[in-house]
Every structure is written in structure tokens, then in C-alpha cells.
Amino acid sequence: LSEQSCSTAHTGDICEKIRCLIILLPGAFLIPYILFLIIAGMPLFYMELALGQYNREGAATVWKICPVFKGVGYAVILIALYVGFYYNVIIAWSLYYLFSSFTFELPWTNCGNSWNSPNCTDPKLFNASVLGNGTKYSKYKLTPAAEFYERGVLHLHESRGIHDLGLPRWQLSLCLLVVVIILFFSLWKGVKTSGKVVWITATLPYVVLFVLLIHGITLPGAYNGINAYLHIDFRRLKEATVWIDAATQIFYSLGAGFGVLIAFASYNKFDNNCYRDALLTSTINCVTSFISGFAIFSILGYMAHEHKVKIEDVATEGAGLVFILYPEAISTLSGSTFWAVVFFIMLLTLGIDSSMGGMEAVITGLADDFQILKQHRKLFTFGVSFGTFLLALFCITNGGIYVLTLLDTFAAGTSILFAVLMEAIGVSWFYGVDRFSEDIQQMMGFKPGLYWRLCWKFVSPAFLLFVVIVSIINFKPLTYDDYTFPLWANRIGWGIALSSMILVPAYIIYKFMNARGTFKERLAYCITPENEHHLVAQGSVRQFKVCTTFTMLLLATNPFPSLATTAALHQSPQRGSFHRSVVLYFCQHDAVQEAQYHMHQLLEGFGHLPSTTKKMTKQNPQGYRSLVCSILGHI
């Protein structure tokens, strides 16, 4: 898992990462980002690793622990599939730029190319007066780099909007095909191949990032950019978008909620220390994000210095930075071809790294649920890869950027937050934090601390519920630069978002209607782990059993039950009442050791109980423990 979790956790969505860093001018962004990392990111990352490792299942079948929540698994699989449709397109862009970089003069350096407009402005002749009307440099679309991206790569000028897509561009189609082929051969044998590939894709970006950082901080104006990066504007904390974007970015960067962590963790050894993995990987991820900010803002400072404008004027979001501003900055450096090749190799490996994680979540999640897919994994992997290729063709048409923007906004925004919320509720409130903690103890020999249990049960669900509600309330009609999406496009977007979220309540209804028995028995079958369904058939269900648990223990451990029952129920002193209450509580929460201790204290409190009972608990503690476990299984 060490390399596999890094492959999904430290990269996230390239454009989403940079969008949050830039548009929020991160001093203010880092505060909610770190807060959400502590109270939600790390706890949920840890939960998903432990969930997958203990149950050895993918995102759907892992819900054998609480069958009614299996729809959550299908939801996250569908979300991961949606992301794959457009994420591979971003990788294809990177590959196209990489091929275009193998020239003595980078194609986005000067005007005069076939794709340039008559109004193209040479950046060497550029000055602030060219902008006018308060237009920011980042929004000026007539530079060679901007025109290469929008006219040479996307051919956006040939589309009037999302209603006018046109045909796929053959150059991008070939790049997309190469990306899909690489992904297929990286995944067709499961972690046997992806585990080897990720040694390159997860480590090479760190080398490149370090090289770019060292070179970036030596450029003129870099200090001003870094100063802007570290400056905290507390007024921005009043804006809801700062908190929503920080929350969304946490899940993108850590990979929680996409089923990726559960899928990869299911291949771990049972006794692997996933607690260490959770802390180490999430920390490395966030430190990497923080350090990458220095590499980004040193370039922004350099560009602001070159064009004699403010940092805010060159700061742009997402693809604009990756495919316009950064390439433009590289083109001004000595040895620009080398730096361009290095930069786009980094983007390519980052993208493949993340896409492998998303596709593995889909493949493992469905293959574990349907044996026929597992038996023909290679063919199924080919089907998923080819399917994403076909649907991604919509994103490489003349108006493909509009489709990509639509998917990027709706496919994994509110829907992924909702899925993680339901996942946290299912594990913490229905399966139970105490039982989940004991599962972790079986794997690693220790239970999670109070902090983790409180976050799982209260803090993380409350935080997620808040963010989901705020993200819906603060929704604004979709735009791309100056283009405003029509109303029907926004409705399609919400339809895409709801298509995954609706799977959760739909499966709850389906599961309940197909369960057998009375209303109470149906409900029991839905929320009881599958390995305990035989207890439901016997009418002994833990979730509904409210009778005196300590009495059952006494009856089972005493050859004279009537005497023990009388002593416990009618003649117990205050001390006995205390231990009875504690025994009942621990039994209901499946805490065997604690229940055994207080049961022993209760028996010791009644001196007139038969000595055979106390003799059994002292001479055969293991047998007593087994007996307690057996009884707890019927509670």
C-alpha cells in the first residue's frame, strides 16, 4: 500500500489542486485546509484503509458489514468512472505538449504559426498598457502560449459553445489512445503490474518538482511570488468558497471517497500497520502540496516581474496555469526545451499515477462484486479502458473543454462529499465505532484512540454534512471564462451529480424490499453484517436485543441460574448495580474484555453464589472468554 496509496494520495486532480492554490491565494486557504485535514481528511483516510484491509473487498462488497449501504460503494465507483472520462483527457493534453516540446524553439514562444490569430501579441513587446480596462494578464488570451492552448490544441475558436462540439481532434485522439493503452497494460494484471509502474510514476514527480523548485527560486521576482504565497488574508476566511474548496481539495488530494484506498488496501497483508500508512501518506501528501506551492508561486513572481504587473494579475486557475502560464514562463528560460520536457513528463506521470488509482477502484470494486468479471479481469479491464476512451472523445472535440468543465464541476463535487458522508455514517453509526475499533485491534494489536473514534462518529460526519449543505446553497451557474453555460447544461450537470447520489437511497429501498420476513426482520437483515444473518433467522439480533444482558451471562455461567438471577436482580447492593450497568453497556457495544472484567466483579460481589461459578472464571479464563464471545454473538 505504501506505493499504491501514494499513487492516489499525493497527486489528486492536477487542475483542482492548482485551482485551489491559485484562486484563493493560499495563505487563507491553508488554514481551513489544515483544519479539515486534521478533523476529516486523516480520520477518513485511516478509516478507508482499515475498512479495505480488514474486509479484503472492493468499494461495493466491503459493505457486507452493513448491506443496506452497498449503494455507497456503487456511488463511489460511478464517480470514479465519471472522473476517468475527463481525467484521461488532461493527461492526453500533457502528452501532446510533451511531443510538441521536442523542438529547438517551443511552438508557443512566438506568433506567426498557423493557429495564431491576427491579433496575437508577442510577449516581448507586451506592456501593461496593452491590457487596458483593468483586464488581468491571466485573462489576456492573445499571447502565443494562450493561443497555442486554446487554438492550437483545443481549437476552441471553432466552437460557439457546448451546443456546438464538432468532431474529435485526431491529434488529441491519438494521444488519448496512447494514454489508455498505457493504463490498460499498467492495470491488466492488477497490483502485480500497477505496483511496479507506480515506483516510477510516484517517485519521478518528486525529483522533477525538486529540480523545478530549485530553479524557480533563483529567478528574478521569485521572492515576491513566495511572499504572496505565504501571506494570510484573514478576510478571505469569511467567504464560504474558501472553506468549500479546502474541503473538496482534501478529498481530491487524499483520494478518500473514490473507492481507491479501499481497493488498494484490500490487497494488503492482514496485519499491515495501516495506521502508520494513514499518518505517513497523508502527511507526505500535504507537505508535497505545500512545497509545490513554492514552485508555482516562484514562477508567478517571475512572470509578474517580467511583465511588470501584480502577482494577482498573472495568477490564474487550473488549466490556465498548467498549459498557458507555466509553459510561457518556461519558454523564456535558457534551455527551454529541456525544462519543457521535464515539466510535461512530470505532468504525464502525475496524471497516469492518479488515473491508475481511479480505474483500479472501478475494476476491483466491480470484479469483487461479480465473479464473472473477476474470472475475466483482463477482458473487463480492456472494456473499462476502451469505454472511458470512447466517452472521453466528447472532451477532445472543438467544444470539448465545455464538456470537461461540466464533468469536472458536477461529477465529483457535491456528490463525492455526499458519498463520503454516507460512508462515515454507515461505518460509525450502523456498523459501530466500537466494533470497527475491534476489527482494527485484530489486525494491529491495538485499538484506535479516542480522537479517531470521536472524529469518525461525530466530527467528520458533522463537517461533511455542513460542507454538502453549503456547497448546494452557494452553487452558481457554470461558466468558462466569458462563456456562461445554458440552463439545460446546468440541469444535465446536476443530473450527472444526482445519478451517483441516487444510488444510495435506491439501493436502501431495493435491499429492504427484497429482504424476507417482518418489517423488523427486514430491517435487521439490512443493517446486520452478512456473517451474522443466521442470527437474524434465529430471532436474535444485536441491534434490537434490549433484554438484561448480564442476566444471560449469569444464566450461562452458573449451574444454579435461579439463585444467581435472584441475587443479581433482587439482592444486589449499589456496587452490583454499577457493574450490571457497565456489563450491559459493554455487551451491547461488543467490548468483550471490558464486559468480562465487570462480569467478574459482579460475580465476586455476591459471596453466596456457588463456588463452581467463580472457580470456572478463574481456572478457565479462556473458556470463559469464549463463552462470553459466544453469548455476545447472540445479543
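Residues numbered from 1 in each chain as written. Predicted model: local features only at pLDDT ≥ 70, side-chain atom pairs only at ≥ 80, totals over all residues. Heavy atoms only, no water.

Identification of the protein chain as Solute carrier family 6 member 2 from Apteryx owenii is taken from an unreviewed UniProt entry. In its Subcellular location (unreviewed entry) section, UniProt records this for the protein chain: "Cell membrane". (UniProt positions renumbered as here; feature names shortened; annotations may be inferred.)

Engineer: Mind showing me how you'd approach the state of the cysteines here?
Structural biologist: Any covalent bond linking the sulfur atoms of two cysteines counts as a disulfide. The final tally for this structure, using the stated rule, is one disulfide. Disulfide partner of C111: C120, at an S-S distance of 2.0 Å. Taking the sign of the torsion about the S-S bond as the criterion, the disulfide between C111 and C120, at about -75°, is left-handed. With relative accessibility at 14%, the residue C120 sits in the buried group. We note that C526 lacks a disulfide partner, and the nearest cysteine sulfur, in C66, lies 8.5 Å from it. (Disulfide = S-S within 2.5 Å. Buried < 20%, exposed > 50% of the residue type's maximum accessible area, 1.4 Å probe, protein only.)

Engineer: How should the UniProt feature "binding site: Na(+)" (unreviewed entry) in the protein chain be read in this particular structure?
Structural biologist: Those residues carrying the UniProt feature "binding site: Na(+)" (unreviewed entry) are S253, N285, L350, D353 and S354 in this numbering. Taken together, the annotated residues stretch across 102 residues yet fold into one region, lying no more than 13.7 Å apart by C-alpha. Structurally, N285 is set in helix α13 (residues 274-307). Position of S354 relative to the elements: it lies in helix α16 (residues 336-369). (Helix = DSSP H or I, 4+ residues; strand = E, 2+ residues; numbered from the N terminus.)

Engineer: Quick question: what am I supposed to make of a nonpolar patch on the surface here?
Structural biologist: On the surface, W429, F430, L450, L454, F458 and V459 cluster together into a nonpolar patch covering about 570 Å² of accessible area. Counting residues per element, the ones that place at least two in the nonpolar patch are α20 (414-444) and α21 (450-473). For the nonpolar patch, the leading source of residues is α21, giving four residues. Tracing the sequence through the fold places F430 in helix α20. (Patch = residues over 30% accessible without salt bridge, like charges linked within 9 Å, V, L, I, M, F, W, Y side chains within 5 Å. Areas by Shrake-Rupley, 256 points an atom, 1.4 Å probe, with all protein chains shown as cover. Salt bridge = Lys/Arg side-chain N within 4 Å of Asp/Glu carboxyl O.)

Engineer: Can you help me understand unusual backbone geometry in this one?
Structural biologist: The general pattern is negative phi for most residues beyond glycine and trans for most peptide bonds. Here the phi dihedral of H155 falls at roughly 55°; this positive angle occurs in a residue that is not glycine. Along the chain, H155 falls in the loop between α6 (144-153) and α7 (170-187). Residue H155 is classed as buried on the basis of its relative accessible area of 14%. Of note in the backbone geometry, D481 takes a positive phi value of approximately 55° without being a glycine. Looking at D481, the relative accessible area reads 36%, which means it is partly exposed.

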